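Structure at a glance
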Amino acid sequence: MVETATGDLAVGDAVSGMTGLRLGTHAELVAVPVARLVRKPEGVSHDDAAAALFGGSTALHFLRDKAEVGPGDRVLVNGASGAVGSAAVQLARHLGATVTGVTSTINLPLVRKLGADHVIDYTTTPLSEVAERYDVVLDAVGNLTPASGRRLLTERGVLQLVVAGLGDTLRARGNVQAGAAPERAEDFAHLLQLVSDGHLTPVIDDARVGDGLEAVAVAHARIDSGRKVGNLVIHP
Ligand SMILES: NC(=O)c1ccc[n+]([C@@H]2O[C@H](COP(=O)([O-])OP(=O)(O)OC[C@H]3O[C@@H](n4cnc5c(N)ncnc54)[C@H](OP(=O)(O)O)[C@@H]3O)[C@@H](O)[C@H]2O)c1
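So, here's what we can say about the structure. This structure is a prediction, so every number in the text was calculated from the model and none was measured. Every chain begins its residue count from 1, and numbering advances along the sequence as written. Two thresholds apply to this predicted model, a pLDDT of at least 70 for residue-level local features and 80 or more for giving and counting side-chain atom pairs, whereas whole-chain, interface and lining totals are computed over all residues. Each side-chain value is derived from all of the structure's non-hydrogen atoms; neither hydrogens nor water enter the calculation.

Numbered from the N terminus, helices here are DSSP runs of H or I no shorter than four residues, and strands are runs of E no shorter than two. Helix span, as expected, comes to 1.5 Å for every residue beyond the first. Between its first and last C-alpha atoms helix H1 (residues 46–66) spans 29 Å; for 21 residues at 1.5 Å apiece the expected length is 30 Å, and the two agree. The axis of H1 is deflected most strongly, by about 35 degrees, at Leu53. Note on H1: the residue one or two positions beyond its end, Glu68, has a positive phi of about 50 degrees. To get the bend at a given residue, fit one axis to the seven residues ending there, fit another to the seven starting there, and take the angle between those axes.

For the rest of this paragraph, the subject is the site of the ligand. The nearness test applies per residue and asks whether one of its heavy atoms lies within 4 Å of the molecule or strand. Near the ligand, the surroundings consist of 26 residues, among which Ser81, Ser104, Tyr122, Ala181 and Lys228 are the closest. Pairs of N or O atoms within 3.5 Å make up the polar contacts considered here, provided that, within protein, one atom can donate a hydrogen while the other can accept it, and that residues adjacent in sequence are counted only when both atoms are side-chain atoms. In this structure, an oxygen atom belonging to the ligand sits 2.6 Å away from a side-chain N or O atom of Ser81. Between an oxygen atom of the ligand and a side-chain N or O atom of Thr103, the distance comes to 3.3 Å. For the shell around the ligand, the secondary-structure elements that each account for two or more residues are H1, helix H2 (83–94) and strand E6 (98–103). Examining the composition of the shell around the ligand, we find that 3 residues originate from one element, H1, more than from any other. Its residues assigned to classes, the shell around the ligand comprises 12 nonpolar, 12 polar and 2 charged. When residues are grouped by polarity, Ala, Val, Leu, Ile, Met, Phe, Trp, Tyr, Cys and Pro land in nonpolar, Asp, Glu, Lys and Arg in charged, and all others, Gly among them, in polar.

All right, on to the nonpolar core then. Residues belong to one nonpolar core when they are buried, are Ala, Val, Leu, Ile, Met, Phe, Trp, Tyr or Cys, and are joined through side-chain atoms within 4.5 Å. Accessible area is worked out with a 1.4 Å probe on protein chains only. A residue is then buried under 20% of its type maximum, exposed over 50%, and partly exposed in between. Leu63, Val75, Val77 and Leu138 are the most contacted members of the largest nonpolar core, which totals 39 residues. Residue assignment for this core shows that the elements contributing at least two residues are H1, strand E5 (74–78), H2, strand E8 (134–139) and helix H6 (185–196). Ranked by residue count, the leading element in this core is H1, at 7 residues. Contacts are assigned to residue pairs that have any heavy atoms within 4.5 Å of one another. Leave out the neighbours within four places in its chain, and Val77 touches Gly85, Ala88, Val89, Val99, Thr100, Gly101, Val102 and Leu138. Leu76, Val102, Tyr134 and Leu159 belong to the second largest nonpolar core, which has 14 residues in total.

Structurally, the position occupied by Gln90 is in helix H2. Residues Gln90 and Leu191, 101 residues apart in the sequence, show an inter-C-alpha distance of 11 Å.

Aromatic pairing here means that ring centres of Phe, Tyr or Trp (its six-membered ring) are within 6.5 Å. Orientation follows from the plane angle: under 30 degrees is stacked, over 60 is edge-to-face, and everything else is tilted. By the definition in use, this model includes 0 aromatic pairs. A ring is scored as having a charge over it whenever the NZ atom of a lysine or the CZ atom of an arginine sits within 6 Å of its centre and within 35 degrees of its normal. One residue, Arg74, lies across the ring of Tyr134, its end atom 5.8 Å from the ring centre.

Pairing between strands is defined by DSSP: at least two bridges between them are needed. If you trace the 6 strands from one edge of the open sheet to the other, you get E7-E6-E5-E8-E9-E10, paired in parallel fashion. Edge positions in the sheet fall to strand E7 (118–121) and strand E10 (176–178), since each has one partner strand and no second. Strand-to-strand twist of the sheet, defined as the mean angle between neighbouring strand axes without regard to direction, takes the value 15 degrees. The pairing of E6 with E7 spans 4 bridges and is parallel. Within the sheet, the bridge partner assigned to Val102 lies in E7 and is Ile120. Interaxial angle, 0 to 180 degrees, is taken between N-to-C directions of lines fitted to C-alpha atoms, where a helix line uses only the stretch in contact. H1 contacts E5, E8, strand E9 (153–161) and E10 of the sheet and is inclined by roughly 140 degrees relative to E10.

In this section: H6. Under the 1.5 Å per step criterion, the end-to-end length of H6 is 16 Å for 12 residues, consistent within 8% with the ideal 16 Å. All of the buried residues in H6 are Ala185, Asp187, Phe188, Leu191, Leu192, Leu194 and Val195. On its buried face, H6 is in contact with strand E3 (15–17), strand E4 (37–39), H1 and H2. Positive backbone phi, at 85 degrees, marks Gly198, one or two positions downstream of H6.

Right, let's get into the pairing of E8. Across the 6 residues that make up E8, a large majority, 5, are buried. Bridging between E8 and E9 involves 5 bridges; their strand directions are parallel. Bridge pairing in E9 links Asp139 to Leu161.

Below is the structure:
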């Protein structure tokens, strides 16, 4: 038995976690510091656990920790069908916000199903033409600049550049937020509990990328297409 910040782990426990900048998880086996792992709740599948943490940790960091989203806030999620966006829509709703998801025509039903109160189809309504104002604009696409994003904000609103170059990251201050989201075991445990309780449904792309090492190149091609929906899961 090993004691961790999020509970005890024993040999044979089913666990979930992320390896941070060490990456390496294309391998069939990987050695991971125990502090980066949490016990997988029994009712949560390994696929869902794997798909919950990347986008979920990022969305939690930006929405809950940086913007302190709460009931009544109006949140716009740009890129609502991606890994970060699909988690952000659900977590913003869970935090009590009214959520608008921006996506393309084909993904509108998914984003509505994730709980978005409003959807914007960017193929017919570019964000530059949106007249509404939001308390939080989370950009998980990278096509908003500080100037074009600020235009969408209420007086006290914040722009979250989840995708930002070094320049915008260093210059981010005031109502512009950027930077890398941390990977914390307590957030993993929280996210898996939300999945277990039915408050978060990890989105898994139904593109058939296959399994094993051969699938990794196919998966990267899908990611590079820019059309990935949610997360890709590969079995060893
Ligand atoms: N700051 C951090 O700590 C942090 C952490 C994690 C990720 N990231 C970054 O966040 C970004 C998002 O990652 P991800 O895995 O969520 O991305 P992703 O899943 O690859 O995003 C793909 C999705 O983006 C949508 N999309 C493409 N163009 C769009 C547009 N113009 N407007 C709205 N949606 C659009 C696509 O939907 P359609 O097919 O409908 O267009 C697709 O479903 C990446 O650049 C990643 O590096 C940053």
